[in-house]
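Structural features, examined
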Amino acid sequence: MRVLSGIQPSGNLHIGNYFGMMKRMIEYQENNELFCFLVNYHALTSVFDGDALRQRTFEAACDFLALGLDPNKSVFWVQSDVPEVTELTWLLSNVTGMGLLERCHSYKDKMAKGIPASHGLFSYPVLMAADILLFGGEKVPVGKDQKQHLEVARDIALRFNHTYGETFVIPEPDIAEDVAMVPGIDGQKMSKSYDNTIEIFADEKSLREKIMRIKTDSTPVDQPKPIEDNILFDIYCLFLDQKGREDLKDRFLTPGLKYGEVKKELFAVIWEYFAPYRQKREQLVKDRATVLEVLRQGAQKARQVAAVYLEKARHNVGLDYWN
Ligand code: ADP
Ligand code: TRP
C-alpha cells in the first residue's frame, strides 16, 4: 500500500502533529511504501519571512528523522524540490469548482474573522490534492482537521478521471479516532497557529511552563475529578498504554488528586518519552550535510514517480500537441 502525507514547516512541531500524523507515518514505513514530505509551498500561505521558512524547513526535517523516519524505508523530501506539483495544481484547478473551495473551513474561517484571504490560501486544497495525486497516494494519514481537504482531493481526482479518462488513484483518508484531535493546553485543537501547543522538542524550562499552564477545572481536591473533556487527562493518556489509562482514570475518580502534582508528573513523563529522540535530533542539527543529502536523494526518487503521473495527465488533457 502506498501511504503518503505531508506537514507544513510553518512552526515548531507539536504533540498533536506527532500523535495525529508523524508517529503513525513512522509506524507505516515498516510494511508499506511510505512517501513523506515537508510542504513548504503550503507554508508560504502563512510564513512571510524567507529566513524563518528556510530554518523551519531544515528543523522539521531533523524532527522527522530524529523521531524515527528512516530514509532507507521511505521517500522523504521537501515539496518545492519536486516543482512538478505546481504544474499539476494548474491542471487540477480547471476541474475544481469554485463552490468546492468556497466551502473549505481554512478559507471560510479566515473570511469570517475578517482576515483577508489570499488566492494561495483559497487554492491551498488544490495544491494538496496535487501532492497526493502526483505520487499515487492510496492512504493518507492525517488528523481530523484535514478530513475536508481529503474529501476535496478525492472529488478532484474523480472529476479529473471522469473528464479525461482514468489517470489518478482515488486516495483514502486515514484518521485514527483516539488521536484525531489532540487538544491544546487551552482545550481548542492544538495548533501551531494558536499558541497552545506542547512542542515535541521544547527545552526543559518551556516544556515545564507549558504543562503547568494546561487549563484545569476548579473541582476541589477532596472531590473526584471529571474525566470527560478533561484536557490534562486527555493529554496524559496519549503517553499511556491501556493499563496506564485505566490506572489514571481510577486516580482521577478517587478524591484527593491534585492537578498540580499530576502536571509535574506529566512533565517528567513527556520529557522522558522524547529523551532518546532529543539526543538524535541534536546530532542531526549538527550534521547538516547528511540531512540535506537525505532530502536531495528523497526528491530524486519522488521526481521519478511524479514524472509518470504528470506525463499521463499532460497527455490526457492534450498538452502534447506534437502527438
Ligand atoms: P498545525 O495545525 O499545527 O499547523 P498542520 O496543519 O501542519 O498543523 O498539521 C500537520 C498534520 O498534523 C496534519 O495531518 C494534521 O491533521 C495533524 N494535526 C495537527 N494538529 C493536530 C491535532 N491537534 N490533533 C491531531 N492531529 C493534528
Ligand atoms: N494541508 C496539510 C496540513 O495543513 C498538509 C498537507 C499538504 C498534506 N499536502 C498534503 C497532508 C498531502 C496530506 C497529504 O496539515
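Parameters and conventions
- The numbers attached to residues start from 1 for each chain and follow its sequence in the written order.
- Note on labels: chains are lettered from A, ligands numbered from 1, in written order.
- The model is predicted, so local features are restricted to residues of pLDDT at least 70 and side-chain atom pairs to those at 80 or more, both for listing and for counting; the totals for chains, interfaces and linings are taken over all residues.
- Only hydrogens and water are set aside when side-chain values are computed; all heavy atoms of the structure are taken into account.
- Cysteine sulfurs are considered disulfide-paired once they come within 2.5 Å of each other.
- A cutoff of 4 Å decides nearness: a residue is near a molecule or strand if any of its heavy atoms lies inside that distance of it.
- Definition of a polar contact: a pair of N or O atoms within 3.5 Å, with one able to donate and the other able to accept a hydrogen when the atoms are protein atoms, and with sequence-neighbouring residues admitted only if both atoms are side-chain atoms.
- In short, Shrake-Rupley with a 1.4 Å probe defines the accessible areas, and a residue's cover is counted only from the protein chains shown.
- Space inside and on the surface of the protein is sampled on a 1 Å grid over the protein atoms alone, with a cavity defined as a set of points where a 1.4 Å probe fits but cannot get out and a pocket as an open set with protein on both sides within 12 Å along at least 5 of 7 lines; lining residues have an atom within 4 Å of a point.
- In this scheme, a molecule is assigned to a cavity or pocket if more than half of its atoms are within 2 Å of the grid points.
- Every helix listed is a DSSP run of H or I at least four residues long, and every strand listed is a run of E at least two residues long, numbered separately from the N terminus.
- Residues are grouped as follows: Ala, Val, Leu, Ile, Met, Phe, Trp, Tyr, Cys and Pro are nonpolar; Asp, Glu, Lys and Arg are charged; all remaining types, including Gly, are polar.
- Here the nonpolar core consists of buried residues drawn from Ala, Val, Leu, Ile, Met, Phe, Trp, Tyr and Cys, with membership extended through side-chain atoms lying within 4.5 Å.
- Residue exposure (1.4 Å probe, protein chains only): buried if accessible area is under 20% of the type maximum, exposed if over 50%, otherwise partly exposed.
- In this entry, domain limits derive from an automatic or database-based domain assignment.
- Contact between two residues is taken to exist if any of their heavy atoms lie within 4.5 Å; hydrogens are not considered.
- A quick way to say it: buried area is the sum, across both parts, of accessible area lost when two parts are put together, with a 1.4 Å probe.
- A pairing counts as a salt bridge when a side-chain nitrogen of Lys or Arg comes within 4 Å of a carboxyl oxygen of Asp or Glu.

**Topic: the state of the cysteines**
- On inspection of all chains with the given rule, the structure shows zero disulfides.
- Summary of cysteine pairing: Cys36 is not part of a disulfide, and the nearest cysteine sulfur, belonging to Cys62, is at 14 Å.

**Describing the site of ligand 1**
- Close to ligand 1 lie 19 residues; His14, Gly143, Asp145, Val182 and Lys192 are nearest.
- At 3.2 Å, a side-chain N or O of Asn17 approaches an oxygen atom of ligand 1.
- At a separation of 3.0 Å, an oxygen atom of ligand 1 approaches a polar side-chain atom of Ser191.
- Protein chains shield 94% of the accessible area of ligand 1, which is 540 Å² for the free molecule.
- Of the pockets mapped on this structure, ligand 1 occupies the largest pocket.
- Broken down by element, the shell around ligand 1 gets its largest block of residues, four residues, from helix H1 (residues 15-28).
- Considered class by class, the residues forming the shell around ligand 1 number eight nonpolar, eight polar and three charged.

**Quick notes on the site of ligand 2**
- In the region of ligand 2, 13 residues are neighbours, and Gln8, Tyr124, Met128, Asp131 and Gln146 sit closest.
- Here Tyr124 contributes a side-chain N or O atom positioned 2.7 Å from an oxygen atom of ligand 2.
- Gln146 places a polar side-chain atom, nitrogen or oxygen, 3.1 Å from a nitrogen atom of ligand 2.
- Contact with the protein chains covers 91% of the free accessible surface of ligand 2, which is 370 Å².
- For ligand 2, the cavity whose grid points lie within 2 Å of the majority of its atoms is the largest pocket.

**Topic: the nonpolar core**
- Counting 58 residues, the largest nonpolar core has Ile15, Phe64, Phe76 and Ile198 as its most contacted members.
- Per-element tally for this core: the top contributor is H1, with eight residues.
- Among the domains, domain 1 (2-181 + 288-317) and domain 2 (202-273) are the pair contributing at least three residues each to this core.
- Residues within four places of Ile198 in sequence aside, it is in contact with His14, Ile15, Ile185, Met190, Leu207, Ile211, Ile214, Ile235 and Ile270.
- Tyr107, Ala129, Val140 and Val152 belong to the second-largest nonpolar core, a separate cluster that totals 43 residues.

**Looking at the domain arrangement of the chain**
- Examined at the domain level, the chain breaks down into domain 1 (2-181 + 288-317) and domain 2 (202-273).
- Computed over C-alpha atoms, the centres of domain 1 and domain 2 are 34 Å apart.
- Listed per partner, the contact involves six residues of domain 1 and five residues of domain 2.
- Considering only the surface of domain 1 that becomes buried against domain 2, Ile15, Phe19 and Asp178 emerge as the three largest contributors, covering 78% of it.
- Taken together, the connections running from domain 1 to domain 2 amount to zero salt bridges.
- Viewed at the interface, domain 2 and domain 1 are joined by one residue pair in polar contact (both at pLDDT 80 or more).
- Counted by class, the side of domain 1 that touches domain 2 contains four nonpolar, no polar and two charged residues.

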